[in-house]
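This is what each chain is made of:
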Amino acid sequence: MRSVAASAALLVGLGTVSCGDSPEGGTGVDAFVEPSGPLFLVGGVTISTEGRNGYGVLVPALNDDREVRLEDAISVPGQPAIAASPNRNGRFYVGLDESPVVQAYEANVDGSAQLIDELSFAPFGASAASGPLVVPNDERAYVFDLNMLSMYVFDPQRMELIEAVDLDVNTPPGGSHNFSFPARDDERILLAINTFRADGTAAPRSRMAFIDTRSSAVTYADIEGCGRLGWSAKDAEGNLYFATHPAQAGLVFGGLAGDPAAPPCMASVARGTTTFRPGFVDLAELAGAPAGGLAQGPDGTAYILVFDDEATPVTEANGDTLSLSLGWTYVQVDLAAERLLEPLAALGEGVGVPIDFSVDEGDGDVTPFIVAIGPLFSSGTIYDVSQPDVPVARLTIPGIPFGALRLR
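Residues numbered from 1 in each chain as written. Predicted model: local features only at pLDDT ≥ 70, side-chain atom pairs only at ≥ 80, totals over all residues. Heavy atoms only, no water.

1. What about the overall build of the chain?
Scanning the chain from terminus to terminus reveals three helices and 29 strands. Taken over 408 residues, the chain has a buried fraction of 56%. Across the chain, every contact between residues at least 6 apart in sequence was considered, and the portion connecting residues at least 24 apart equals 53%. Accessible surface computed for the chain: about 16,600 Å², of which carbon and sulfur atoms make up 49%. (Helix = DSSP H or I, 4+ residues; strand = E, 2+ residues; numbered from the N terminus. Buried < 20%, exposed > 50% of the residue type's maximum accessible area, 1.4 Å probe, protein only. Contact = heavy atoms within 4.5 Å. Areas by Shrake-Rupley, 256 points an atom, 1.4 Å probe, with all protein chains shown as cover.)

2. Observations concerning the pairing of strand E26 (residues 366-373)
With seven of eight residues buried, E26 is to be regarded as a mostly interior element. Sheet topology places strand E25 (residues 356-360) next to E26; five bridges connect them, and they run antiparallel. Across the sheet, residue aspartate 360 finds its bridge partner in E26, namely valine 366. Bridging between E26 and strand E27 (residues 379-384) involves five bridges; their strand directions are antiparallel. Of the residues in E27, the one forming a bridge with phenylalanine 369 is aspartate 384. Between the end of E26 and the start of E27, which pair antiparallel, lie five residues, with leucine 376 showing a positive phi angle near 60°. (Pairing = 2+ DSSP bridges.)

3. Focus: the packing of aromatic side chains
One pass over the full model with this rule turns up eight aromatic pairs. When the centroid spacing of 6.5 Å and the interplanar angle of 15° are considered together, the rings of tyrosine 142 and phenylalanine 144 count as stacked. This pair shows no difference in class: tyrosine 142 is buried, exactly as phenylalanine 144 is. Grouped by ring-pair contacts, the aromatic residues Phe121, Phe124, Tyr152 and Phe154 constitute a single cluster. (Phe/Tyr/Trp six-rings, centres within 6.5 Å; stacked < 30°, edge-to-face > 60°.)

4. Digging into the state of the cysteines
Each disulfide consists of a covalent bond between the sulfur atoms of two cysteine residues. This structure, assessed with the given rule, holds one disulfide. One disulfide bridge connects cysteine 226 with cysteine 265, the sulfur atoms lying 2.0 Å from each other. Linking cysteine 226 and cysteine 265, the disulfide has an S-S dihedral of approximately 90° and is accordingly described as right-handed. Taken together, the positions of cysteine 226 in the loop between strand E16 (218-224) and strand E17 (229-234) and cysteine 265 in strand E19 (residues 265-269) put the pair 39 residues apart, joining distant regions of the chain. (Disulfide = S-S within 2.5 Å.)

5. As for the sheet that holds strand E18 (residues 240-244)
Here we have four strands laid out as an open sheet, ordered E17-E18-E19-E20, and antiparallel in their pairing. The outermost strands of the open sheet, each flanked by one partner alone, are E17 and strand E20 (281-282).

6. Details of the sheet that holds E26
Judged by pairing direction, the sheet is antiparallel, and its four strands sit side by side in the order E25-E26-E27-E28 without closing on themselves. Looking along the sheet, the strands with just one partner apiece sit at the ends: E25 and strand E28 (392-398). Adjacent strand axes in the sheet meet at a mean angle of 25° when their direction is disregarded. (Axes fitted to C-alpha atoms, helices over the stretch in contact; angles between N-to-C directions.)

7. Things to note about unusual backbone geometry
In the segment running from aspartate 259 into proline 260, the intervening peptide bond is cis, with an omega of 0°. Structurally, the position occupied by proline 260 is in the loop between helix H2 (246-253) and E19. Not every positive phi belongs to a glycine, and aspartate 299 is a case in point at roughly 55°. With respect to the secondary-structure elements, aspartate 299 resides in the loop between strand E21 (291-296) and strand E22 (301-307). Its relative accessible area of 74% is what places aspartate 299 among the exposed residues.

Now the structure itself:
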């Protein structure tokens, strides 16, 4: 089990990213952090034959076209969950994946970070705190535990437990579940709970949990025919769309998705409602090829990943690993009109693992970013995709950067 002290070293080590003339082994690439200037936390993992190692690095800007090395970002085994205070007060939270602990940190004016508190969910029977971690306000924060199928609510300021809520899920004999990435809809969190059958294939259904962040009350809605929902994006009206993992397209096209098969699909929830809209979009029919995933784009658009199955036909032999193969291209989609626009050709072809995040600039403008993963998951480049015809390469970071949080 990874110790609390080890993970504390990881995050405190983030503050040691150097600038200017750095000592041997330092990064030497990050600009000086202005005491009153912006500060971002970029987190991710590196993957090797020995497993996964989580990392994090504090940077003063995301709009620099440069490489970031990790010599000064101490890494530990695993993949921690990270969230930040919505008030941009420099406070952020880390959920450990081999211990049921969430840690609270504060970034200092010089860009360093210090551990200020921690909270264990062991009293609830938890064994980890690395499930989705959401901090929507200063009164209530949420950790979702897939193993226990529970939601833990805590006070992120006092770092005190509030309650544990069992999620209402029907598990088939021998079956299992997974969660989507959480989505925000004003004062609510939306989390899709997907069902897998005993043979490991995804069932063609999903349950959406709607969590009121003011009271932690949970309501549910089910959709039939569409399952394995993972990623989400919003249209110009704030309606939410959820899409399947691109891996599901590989299984379907390779004849490996079970019976009945869950198609690669996109379902939607109108803003402020607690039910799915009728029907769903078959992404394979929309794209005319294997497709899946969603990444937020500008002006009510999004990007899906589409695989070139003319260059590489999908068969039983490669269907189960298709999402890890090169040959996927981001294609812009008009969400409300449910039609494809243009490919994001400047990013080239990559693997079928969509990674995106958005940064609220504080003036009503939100900048969408996509992370393009290099071969063998060796590195990831963050692209500003607010102008689809001219995506701009920003930071390149080793491993798989999962996103960035603005701390101030």
